[in-house]
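Now for the letters of each chain:
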Amino acid sequence: MSLSFPLKATKTEVFEPPPNGIHGAICVKVSEPEILEGDFGPRAVIRLTFEIAAKRKDGRRHRLTRVVGASLHPKSSLTQILDRWLGRSPESFEPSLILGRLATLVVHHVPSKDGSVFAKIADIQRFDQAFPLGFKPEENYG
């Protein structure tokens, strides 16, 4: 099988993690549920993607993603996040519930196995004016 278009190798850039700390953020994407293999077998997950004011070297804003189980069980990560973020635990979940909503993210830097550092969303909470967003949100996310 041959490709009908040329592929060219790209240069590998050093990943620049977003700053450590507390950030105002906006939820810019909620993925469709997908199945991931884990230590205890397959599980359905969704990805919550946020944008913060801090910019990368190329001028684009940093984006961070948190993967959570696609479950509203009272002990699930998604339910606990929604409870802190929205102030309530919804009985059902639609992406429109959080898409475009402001939040406060707690970001930690974590060393990876290869010695590099990546940013992890440690917590998602209700938006706090003490940590302003720092940019004007777009109208449409999704």
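All values reported here derive from a predicted model rather than from experimental measurement.

Enquirer: How should I be thinking about the packing of aromatic side chains in this particular structure?
Expert: The geometry of an aromatic ring pair is captured by two quantities: the separation of the ring centres and the angle between the planes. Using the criterion set out here, one finds 1 aromatic pair in the structure. Ring centres of Phe-50 and Trp-85 lie 5.5 Å apart, and the angle between their planes is 50°; on these two criteria the pair is classed as tilted. With Phe-50 in strand 3 (residues 41-55) and Trp-85 in helix 1 (residues 77-86), this pair connects stretches of sequence that are 35 residues apart. Across the pair, exposure class does not vary: Phe-50 and Trp-85 are buried alike.

Enquirer: How should I be thinking about the nonpolar core in this particular structure?
Expert: Nonpolar side chains in soluble globular proteins generally cluster together in the buried interior. Core analysis: the biggest nonpolar cluster contains 22 residues, and Leu-48, Phe-50, Leu-64, Trp-85, Ile-98, Leu-105 and Ile-124 have the highest contact counts within it. If you list the elements that add at least two residues to this core, you get strand 1 (21-30), strand 3, strand 4 (61-69), helix 1, strand 5 (102-111) and strand 6 (117-126). In terms of residue count, helix 1 provides more of this core than any other element does, 5 residues in total. Residues Val-28, Phe-127, Leu-133 and Phe-135 belong to the second largest nonpolar core, which totals 5 residues.

Enquirer: It is not clear to me how the environment of Pro-95 should be interpreted in this structure. Could you clarify?
Expert: Summarising the element assignment, Pro-95 is placed in the loop between helix 1 and strand 5. Look at Pro-95 and you get partly exposed, because its relative accessible area is 31%. A sequence separation of 22 residues divides Pro-95 from His-73, and the C-alpha atoms of the two residues are 17 Å apart.

Enquirer: Explain the pattern of salt bridges here, please?
Expert: Working definition: two side chains of opposite charge can pair if their charged atoms are close together. Within the structure shown, the criterion is met by 6 salt bridges. Arg-47 is paired through a salt bridge with Glu-34; the nearest N and O atoms lie 2.9 Å apart. Taken together, the residues span a long stretch of sequence, with Arg-47 in strand 3 and Glu-34 in strand 2 (residues 34-38) at a distance of 13 residues. The salt bridge partner of Arg-84 is Asp-123, with a shortest N-O separation of 2.7 Å. Here Arg-84 is found in helix 1, whereas its partner Asp-123 is found in strand 6, with 39 residues between them in sequence. Accessibility expressed as a relative area gives 35% for Arg-84, which makes it partly exposed. A relative accessible area of 14% means that Asp-123 is categorised as buried.

Analysis parameters
- Residues numbered from 1 in each chain as written.
- Predicted model: local features only at pLDDT ≥ 70, side-chain atom pairs only at ≥ 80, totals over all residues.
- Heavy atoms only, no water.
- Phe/Tyr/Trp six-rings, centres within 6.5 Å; stacked < 30°, edge-to-face > 60°.
- Helix = DSSP H or I, 4+ residues; strand = E, 2+ residues; numbered from the N terminus.
- Buried < 20%, exposed > 50% of the residue type's maximum accessible area, 1.4 Å probe, protein only.
- Core = buried A, V, L, I, M, F, W, Y, C linked by side-chain atoms within 4.5 Å.
- Salt bridge = Lys/Arg side-chain N within 4 Å of Asp/Glu carboxyl O.

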